[in-house]
Amino acid sequence: MSKRFYPQLEGIRGIAVLAVLISHWIIISYFPSFKFLQLGFIGVNVFFVLSGFLITGILLSDIENGTASKKIFKNFYMKRLVRIFPIYYLVIFLLAILKIDNNYLPWSLTYTVNIAQNWFISPNPLYMHIWSLCVEEQFYLFWPIILVFVPCKRLLSIILLTIFSSLLFKLVIALIEPNNAINLIHSNTLASMDALGLGGLLAYIHKHKPLYFIRLSNFSALWIPISLLSFWSISFITPEHSLLSDTLFRLFTALWGAMLILKGIKNEKTTVGRILNFSPIKYIGKISYGIYLYHWFISSILKSTFINFWNSLDFGPFKLLKYQQYLGSFTFYFVITLTVASLSYFMIEIPFLNLKKKLQ
């Protein structure tokens, strides 16, 4: 797979992060009965598939080009460092200065919050979204080693085994820890490898089996209703956090994310393609890392300010707005988060991304 840029993949990021915002700012706060939709979980898993696809594609290209393994590791980890670390550690250090639950500090610094929340410390809503960043960082640690040192003829088998092992792990956890399965499965890296591995599988097929990739993309339209019906039927028909839903929900979500990637790479002019190419959606996707990282902190800090302001609108035509508080809060948080993420992107991330380009 060449290292070309696919514009519609930015649109996929934009849709994924909007799903997270709707889940966190509207459904969780105002309509908890709709939590079964799990939009945030779907959005995060789309990110996982996309990460698996892009990271695997980059590494496979370097391997095929004959780049020395030492240089592959150096380039990969340096690029990850300049892309991910600056604003992540900026937020973590600001929280430390503000003394917001410093029990989380050592875990945040080492990207192990997902482990801490399951086993060692009480969950803190302010840190609830960092688990997915930890999963991705842990994925970055071992996935390049597998791709570089596993012989190419064995690589497909290893990727498939990784996906199967993830499903098996979740099945075992759901059987032996039924009361705590959802927590252990939700934020565990191995339990997330079906989504990350599926992205890697797509990249492998794109690179080494291009005809199969074309065939998959031609049939991807059928995957939309099939995958949606599959994972939503699990949400509706089976009890919440059942053995079936805990084991398979992420896989079905990942299949939907894979379908979006297949369509995004083709750069189709269909309705889906036009949505993915819509400039505001692509811009949101471009700064999605900052949006995701900042959004929960911003809404938590500004919540009381918003509520006080909203309650002050108790006169005249504004009285009707009191019943649409979720729309006001979403707009308020979104505008501020978008502003902060934009400033962060252009003032902090872009200078570091320029360093990343020098490493290519």
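Above this note sits the structure.
Cut-offs used in this document
- Residues numbered from 1 in each chain as written.
- Predicted model: local features only at pLDDT ≥ 70, side-chain atom pairs only at ≥ 80, totals over all residues.
- Heavy atoms only, no water.
- Helix = DSSP H or I, 4+ residues; strand = E, 2+ residues; numbered from the N terminus.
- Buried < 20%, exposed > 50% of the residue type's maximum accessible area, 1.4 Å probe, protein only.
- Contact = heavy atoms within 4.5 Å.
- Areas by Shrake-Rupley, 256 points an atom, 1.4 Å probe, with all protein chains shown as cover.
- Phe/Tyr/Trp six-rings, centres within 6.5 Å; stacked < 30°, edge-to-face > 60°.
- Expected span 1.5 Å × (residues − 1).
- Bend = angle between axes of the 7 residues up to and from the residue.
- Core = buried A, V, L, I, M, F, W, Y, C linked by side-chain atoms within 4.5 Å.
- 1 Å grid on protein atoms, 1.4 Å probe; cavity = no way out; pocket = protein on both sides within 12 Å on 5 of 7 lines; lining within 4 Å.
- Points joined across faces, edges and corners; volume = space filled by probe spheres on them.
- Patch = residues over 30% accessible without salt bridge, like charges linked within 9 Å, V, L, I, M, F, W, Y side chains within 5 Å.
- Salt bridge = Lys/Arg side-chain N within 4 Å of Asp/Glu carboxyl O.

Asker: So what's going on with the overall build of the chain? Which residues, and what values?
Answerer: The secondary structure content of the chain amounts to 16 helices and zero strands. Counting across all 360 residues of the chain, residues that qualify as buried make up 51%. Considering only contacts within the chain whose residues lie at least 6 apart along the sequence, 75% involve residues at least 24 apart. Surface exposure of the chain reaches about 17,500 Å², of which carbon and sulfur atoms provide 70%.

Asker: Quick one: what's the story with the packing of aromatic side chains, residue by residue and with numbers?
Answerer: Applying the stated criterion to the full structure yields 26 aromatic pairs. Their ring planes at 90° and their centres at 6.0 Å tell us that Tyr 89 and Tyr 111 sit as a pair that is edge-to-face. Taken together, the positions of Tyr 89 in helix H3 (residues 69-97) and Tyr 111 in the loop between helix H4 (105-109) and helix H5 (113-119) put the pair 22 residues apart, joining distant regions of the chain. Of the two residues examined, Tyr 89 and Tyr 111, each falls in the buried class. With a centroid separation of 6.1 Å and an interplanar angle of 90°, the aromatic rings of Phe 139 and Phe 142 are classed as edge-to-face. With a gap of three residues between them, Phe 139 and Phe 142 both fall in helix H6 (residues 130-149), about one helical turn apart.

Asker: Kindly report on H6, identifying the contributing residues and their values.
Answerer: Taking 1.5 Å per residue as the helical rise, H6 with its 20 residues ought to reach 28 Å, and the 30 Å between its terminal C-alpha atoms agrees with that figure. Considering bend angle alone, the principal kink of H6 is centred on Tyr 140 and spans about 30°; proline Pro 144 follows within four residues of it. In terms of burial, H6 is a largely internal element, 15 of the 20 residues being buried.

Asker: I'd like a rundown of the side chain of Ser 342, residues and numbers included.
Answerer: In this structure, Ser 342 sits in helix H16 (residues 325-358). Discounting residues that sit within four places of it in the chain, Ser 342 has contacts with Tyr 283 and Ile 287.

Asker: Requested: an account of helix H9 (residues 193-208), with residues and values cited.
Answerer: Helix length check: H9, at 16 residues, gives a terminal C-alpha distance of 21 Å against a target of 22 Å (1.5 Å per residue), a fit within 8%. Burial analysis of H9 places 15 of its 16 residues in the buried class, which makes it a mostly covered element.

Asker: Could you give me a rundown of the nonpolar core, with the residues and numbers involved?
Answerer: Among the nonpolar cores identified, the biggest contains 93 residues, and Ile 12, Tyr 88, Tyr 111, Ile 130, Ile 261, Tyr 289 and Leu 293 are the most heavily contacted of them. When residues in this core are grouped by element, the largest group, twelve residues, is from helix H2 (residues 39-64). Those residues within four positions of Leu 293 in sequence are excluded, and the remaining contacts are Ile 87, Tyr 88, Val 91, His 129 and Leu 133. Counting residues in each nonpolar core, the second largest holds six residues, with Ala 181, Leu 184, Ile 185 and Ala 191 among its members.

Asker: Residue-level account of unusual backbone geometry, with values.
Answerer: Unlike most non-glycine residues, Tyr 111 shows phi in positive territory, near 55°. Looking at Tyr 111, the relative accessible area reads 4%, which means it is buried.

Asker: How would you summarise the side chain of Ser 51 if you had to cite specific residues and measurements?
Answerer: Secondary-structure assignment places Ser 51 in helix H2. The contacts of Ser 51, once residues within four sequence positions are left out, are Thr 56, Glu 136, Tyr 140 and Leu 196.

Asker: Which residues make up empty space enclosed by the protein, and what are the values?
Answerer: Over the atoms a probe the size of a water molecule is rolled, and this reveals where empty space is left. Evaluated as defined, the whole model comprises one cavity of 30 Å³ or more. Size it by volume and the largest cavity reaches roughly 30 Å³. For the largest cavity, the full set of lining residues is Ile 92, Leu 95, Ala 96, Asn 102, Tyr 104, Leu 105, Ser 108 and Tyr 127. Residue assignment for the lining of the largest cavity shows that the elements contributing at least two residues are H3 and H4. Top element by residues in the lining of the largest cavity is H3. It accounts for three residues.

Asker: Tell me what's going on with a nonpolar patch on the surface, and back it up with residues and numbers.
Answerer: Taken together, Leu 161, Phe 164, Leu 168, Leu 171, Val 172, Leu 175 and Ile 176 make up a surface patch of nonpolar side chains, about 650 Å² in accessible area. Looking at the secondary structure, you find Leu 161 in helix H7 (residues 152-176).

Asker: Can you explain the environment of Tyr 204? Please cite residues and give values.
Answerer: For Tyr 204, the position within the fold is in helix H9. A relative accessible area of 7% places Tyr 204 in the buried class. Each residue touching Tyr 204, except ones within four places of it in the same chain, is listed here: Leu 60, Cys 152, Leu 155, Leu 156, Ile 159 and Lys 209.

Asker: Could you give me a rundown of the pattern of salt bridges, with the residues and numbers involved?
Answerer: Working definition: two side chains of opposite charge can pair if their charged atoms are close together. On inspection of all chains with the given rule, the structure shows four salt bridges. Measuring nitrogen to oxygen at the nearest pair gives 3.0 Å for the salt bridge that ties Arg 13 to Glu 10. With Arg 13 and Glu 10 both in helix H1 (residues 7-30) and three residues apart, the pair spans about one turn of that helix. Arg 13 sits in the partly exposed class, given a relative accessible area of 22%. Overall, the relative accessible area of 12% leaves Glu 10 in the buried class.

By themselves, these are just geometric observations and shouldn't be taken as functional.
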